[in-house]
Amino acid sequence: MRLVTLILALTATAVLPACGGDATVEAPAPAPAPLRGAEAKAPAPATAAALAEIPNVAQARRRLAFVNVRALDAAPVSRDAILAAVLGSSRVAEADTAVRVGNRATVLRGASRVVRTGDPSLAGALRTTSPEESAITPLAQSATQSCLGDTIAQTILGPGAMGTDAALGVGLAQGQDPPAGLQLRICGAPRFIRHIHAMERTLQQRFGHLGAGGEAPRIREEEIGEREIVSAVLPAARLQRAELLALLRGGPRLRALAWRR
């Protein structure tokens, strides 16, 4: 009788896992430790933080430029040359960052925030630091800014310059992805797919030969959010100083790489 009881117990042990699957119970993964202090709310990159304070006014929709004044030592050309090209002036006092809104106003951020403009209406709009809609909120400008990333200096031409629902940007930045180091980034968010293909071909023709191997330009079409865009990441050291400044200025040299309005 004891033998029969033992056999029945062993049989039940063998059958149970087959009926109910693996009987082993896994311990739940430990919950990640909560983030505290600065880790809980990491500061926004300097570029996005400064531009998010600019309202989506007409001047910003035409041209919106930014300089991280504290990072200019990494630029391949002089500090004053970058400031003059992007902001139109090298007068930035003790600012950490500066934003040029169209051609009528400059916003300096540092120990205090200063709005420089002779336009009282524009000055009033720029005094707020939390606009209902920022200049980089609309889809075209948002995709272009995301493509440019955190930069030392940059210029975005918005719908006022590039046509309805379109934007074109250029920025100087430090990057880890090839071509690593100091990069010139060019990003286009046109309204029509045909303009994306055309701009990619133009960028390949103009800059495709600029470097090889790890220094080869990276030119491609990509999707950011809801937008198809075209981007080029170029080794900044291989560009002539005059061309680099002309592109950052956001004038005819940059527009020649994109679609016609």
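Relevant structure appears above.
Because the structure is predicted, anything quoted here is derived from the model rather than measured. (Residues numbered from 1 in each chain as written. Predicted model: local features only at pLDDT ≥ 70, side-chain atom pairs only at ≥ 80, totals over all residues. Heavy atoms only, no water.)

This part takes up unusual backbone geometry. In this structure, proline 179 follows proline 178 across a cis peptide bond, with omega equal to -5°. As for its position among the elements, proline 179 is in the loop between strand 6 (167–175) and strand 7 (181–189). Positive phi, normally seen in glycine, also occurs at aspartate 165, with a value near 55°. With respect to the helices and strands, the residue aspartate 165 is situated in the loop between helix 7 (159–162) and strand 6. Residue classification places aspartate 165 among the partly exposed residues on the basis of a relative accessible area of 35%. (Helix = DSSP H or I, 4+ residues; strand = E, 2+ residues; numbered from the N terminus. Buried < 20%, exposed > 50% of the residue type's maximum accessible area, 1.4 Å probe, protein only.)

What follows deals with helix 9 (residues 241–249). Within helix 9, the full set of buried residues consists of Glu243, Leu244, Leu245, Ala246, Leu247 and Leu248. Among the residues trailing helix 9, glycine 250 stands out with phi positive, at a value near 80°.

A separate point is the packing of helix 4 (residues 79–87) against helix 9. With their axes 7 Å apart at the nearest point, helix 4 and helix 9 run at an angle of 35° to one another. Our pair here, helix 4 against helix 9, has a crossing hand that is right-handed. On the side of helix 4, the interface is formed by Ala81, Ile82, Ala85 and Val86, while helix 9 contributes Arg241, Leu245, Leu248 and Arg249. Of the residues assigned to the contact of helix 4 with helix 9, the class counts are six nonpolar, no polar and two charged. (Axes fitted to C-alpha atoms, helices over the stretch in contact; angles between N-to-C directions. Left-handed = near helix turned anticlockwise from the far one by under 90°. Contact = heavy atoms within 4.5 Å. Nonpolar A, V, L, I, M, F, W, Y, C, P; charged D, E, K, R; others polar.)

The next point concerns the sheet that holds strand 6. Sheet strands pair by backbone hydrogen bonding; their relative direction is either parallel or antiparallel. Spatially, 4-3-2-1-5-6-7-9-8 is the arrangement adopted by the nine strands of the open sheet, whose pairing is antiparallel. Every interior strand has two partners, whereas the edge strands, strand 4 (113–117) and strand 8 (218–224), have only one. With strand direction ignored, the average angle separating the axes of adjacent strands in the sheet is 15°. Taken together, the five bridges between strand 1 (residues 63–68) and strand 2 (residues 97–101) define a ladder with antiparallel strand orientation. Along strand 2, the bridge assignment pairs asparagine 68 with threonine 97. Along the sheet, helix 4 contacts strand 1, strand 2, strand 5 (153–157) and strand 6; its crossing angle with strand 1, the most-contacted strand, is approximately 160°. Contacts from helix 9 reach strand 1, strand 5, strand 6 and strand 7, with the element oriented near 130° to strand 6. (Pairing = 2+ DSSP bridges.)

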